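What the coordinates show
Given next are the chains, with one letter for each unit.
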Amino acid sequence: MSNTQNKDYYGTLGVKKTATSDEIRKAFRKLARKYHPDVNPNDKKSEEKFKEISEANDILSDEKKRKVFDQVGFYSDQIDPATAEAYARQQAGARQGPPVDFGGFDFSGFGAGQAPAAGAGPQGSGSASWGSFKDIFSGIFTGTEQQRRGRGPEAGTDLEYQAPIDFWTAIRGGNARIEVRRQEVCPTCHGQASTGAPMTCPECSGTGQVTQMGGRMKFNIACPRCQGSGRISNACPTCQSEGLVYRTESIEFRIKAGTRDGQRIRLQGKGNAGTGGGAQGDLYVIVRTGTHPVFTRVGDDIHLTVPITLAEATLGSKVDVPTIEGGRAQLRIPPGTQSGQKLRMRERGVESASAAGQRGDQIVTVEVQIPQLNDERSREIMREFAKLNNQDPRVTLFDKL
Ligand SMILES: [Zn+2]
Ligand SMILES: [Zn+2]
C-alpha cells in the first residue's frame, strides 16, 4: 500500500456505492473465479488484478472499514473511525473547493506492527508520524469552529482604575477627575473594521482554500486570511481592522460625602466600547483616599493624638481639640487621665456614605507631656509632691513574678 491515491474499490468490484454486502460478496466471487492465480498460472496481470479485487473486497465487506473508506476516500488501519467521522463532517460543512488531497501521503511507514504511538516517534525523512497527522486534522476543525462563530456583537470589557482622592473631598464629597485609556468605536469605519466593498482574497485568489503541507501530506484547508469565504474587506487604516481605537479621556465623576478608601464606584457605560453593536463596558473606580497630617481616618471614625499637660491630666480639665468640621471642640479630660488613654468624642467623625444620618466618632489619644523643671521653685514643689504621694507604681510588677 504505497500510494492510496485514486483507489476506487467500488469500481474495482464493479458495484455501485450503494451496493449491499450481499451484492459486494457476489461481485467479488464472480471476479475471483475469473482472476484466481490457480485459474491463471504465471499470469502477472491476473495476479495483480486478483490482488486488487481482494483488497477491495477486504475493505468493502467489512462494515467498519467500508465506512472509513466512504468518509475519507481511502482506508488505513491507522485511521481512527471517530477522526474519519469528524473529517467527513468537516468536508460536508465546507461544501466548496476541492476535497482534502491525500496524494503523496506515504503509508508505507505505517505498516502493521510498526505504527508509531500517537504523538511519539520522530518525524524523520519527510514522513509525518500519526501524531502529527491527527494534529493537522484538529487544526482543520479548529479553523472551521472559528469560521462558524464569525463576528457577532461583542460587549465591551469593563475597566478598573484606581483614583487618588483628596482627604477632604472623600469626607465632604465633591467632583473628581480621572484619566482613562479606553477603547472607542473607530470613527473611520464606525466599528465595521473595514471600509468600502469586499474584494477577492489575494491569499487564495477567491477560492477560499489554501494548500498546507503536513509531512508528505498535502491538505487543502480553509484560507486563514478570508476564513474560507474567498473575499476580504478593505482593512480600516485607522483601527487596523479592530473596529476600535484607544483614546485617553478625562472622566469626571461624583464623590459622595463619606466615601471610604478602597470603595468601588461604578460608572456605567464608561468602559471599553463593544463591537458589532455590542454594549459598552463599565468603568470601575477604586477610591484611594489621601492622608492628613493631624487626622487619621479609620472607616467613619477620626483618630488624632492630643498632647495634655501633667496638671491637666492629674487635676482634670477641658481642652480645645480640632475636629474635621473645622474650628474647635471642647474635650473633657477626667482627673487622673493616663498618657495614651483614648477618649471618645461621639459623632464628631465622618458622615456615613452608606447609612444616612449616621456619623462616626472622633477618638482622641491623650499624650501627657512631662514638663522639664528648669527652676528651683518647681523642683521644690515636685519633691514635696513626691513626699505626699509616695506610692510605688512598680509594686505590682514584682507581685506578678
Ligand atoms: Zn482567502
Ligand atoms: Zn476603523
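Throughout what follows, the structure given in this document is the object of discussion.

**Focus: unusual backbone geometry**
- A positive phi angle, near 55 degrees, is found at His190, a position not held by glycine.
- Given 11 C-beta atoms within 10 Å, His190 falls into the exposed group.
- Residue Glu347 is not a glycine yet carries a positive backbone phi of 55 degrees.
- Among the secondary structure elements, Glu347 is positioned in the loop between β14 (342-345) and β15 (362-369).

**As for the sheet that holds β14**
- Judged by pairing direction, the sheet is mixed, and its 4 strands sit side by side in the order β10-β11-β15-β14 without closing on themselves. The sheet is open, and its two edges are formed by β10 (296-298) and β14, each paired on a single side. Going across the sheet, the axis of each strand differs from the next one's by a mean of 35 degrees, ignoring polarity.
- With 8 bridges connecting them, strand β11 (residues 301-309) and β15 associate as parallel partners. The residue bridging Ile302 from the neighbouring strand is Gln362, located in β15.

**Side note on the sheet that holds strand β1 (residues 159-165)**
- Taking strand neighbours across the sheet as the criterion, the 3 strands line up as β1-β9-β8 in an open arrangement whose pairing is mixed. Taken across any chain shown, the strands that pair with only one partner, and hence form the sheet edges, are β1 and β8 (264-267). Averaged over neighbouring strand pairs, the angle between their axes works out to 30 degrees when direction is ignored.
- Both β1 and strand β9 (residues 283-289) contribute to a ladder of 7 bridges, which runs parallel. From the neighbouring strand, Ala163 faces β9, where its bridge partner is Val287.

**Things to note about helix α9 (residues 376-388)**
- End to end, α9 covers 19 Å across 13 residues, agreeing with the expected 18 Å (1.5 Å per residue, within 8%).
- Among the 13 residues that make up α9, 0 are buried, leaving the element largely open to the surroundings.

**Let's talk about the environment of His303**
- With respect to the secondary-structure elements, His303 resides in strand β11.
- Spatially, the C-alpha atom of His303 lies 9.4 Å from that of Arg344, the residues being 41 residues apart in sequence.
- Other than its neighbours up to four places away in sequence, His303 contacts Thr296, Val298 and Ile363.

**Focus on the environment of Tyr10**
- Inspection of the secondary structure assignment puts Tyr10 in helix α1 (residues 9-13).
- On the neighbour-count criterion, Tyr10 (19 C-beta atoms within 10 Å) is partly exposed.
- Taking C-alpha positions, Tyr10 is 7.3 Å from Ala56, a pair spaced 46 residues apart along the chain.
- Apart from residues lying up to four places away in sequence, Tyr10 is in contact with Val15, Lys16 and Lys17.

**Regarding the packing of helix α2 (residues 21-35) against helix α3 (residues 44-60)**
- Put simply, α2 and α3 touch, their axes get as near as 10 Å, and they point 165 degrees apart. One way to sum up the angle between α2 and α3 is to call them roughly antiparallel. The chirality of how α2 crosses α3 is left-handed. From α2, Ile24, Phe28, Leu31, Ala32 and Tyr35 reach across to α3, where they touch Ser46, Lys49, Phe50, Ile53, Asn57 and Leu60.
- Taken together, the residues of the contact of α2 with α3 sort by class into 8 nonpolar, 2 polar and 1 charged.

Definitions and limits used
Residue numbers restart at each chain and count upward from 1, following the sequence in its written direction. A letter from A marks each chain and a number from 1 marks each ligand, given out in the order of writing. Local features in a predicted model are, by the rule used here, given only for residues with pLDDT of at least 70; side-chain atom pairs are given and counted only at 80 or more, and totals for whole chains, interfaces and linings are based on all residues. In this scheme every C-beta is placed from the backbone, and a residue whose C-beta has 20 or more other C-beta atoms within 10 Å is buried, one with 12 or fewer is exposed, and one in between is partly exposed. What counts as a helix is a DSSP run of H or I of at least four residues, what counts as a strand is a run of E of at least two, and both are numbered from the N terminus. A pair of strands is labelled paired if DSSP reports no fewer than 2 bridges between them. Here an axis means a line fitted to C-alpha atoms, over the contact stretch when the element is a helix, while the angle between two N-to-C directions is reported on a 0 to 180 degree scale. To estimate how far a helix should reach, multiply one less than its number of residues by 1.5 Å. Placing C-beta atoms from the backbone, we regard two residues as in contact once those atoms come within 7 Å. Roughly parallel means an angle under 35 degrees; roughly antiparallel, over 145; roughly perpendicular, 65 to 115; everything else is oblique. Crossing handedness follows the turn of the near helix against the far one: under a right angle anticlockwise gives a left-handed crossing, and clockwise gives a right-handed one. Put simply, Ala, Val, Leu, Ile, Met, Phe, Trp, Tyr, Cys and Pro go in the nonpolar bin, Asp, Glu, Lys and Arg in the charged bin, and everything else, Gly too, in the polar bin.

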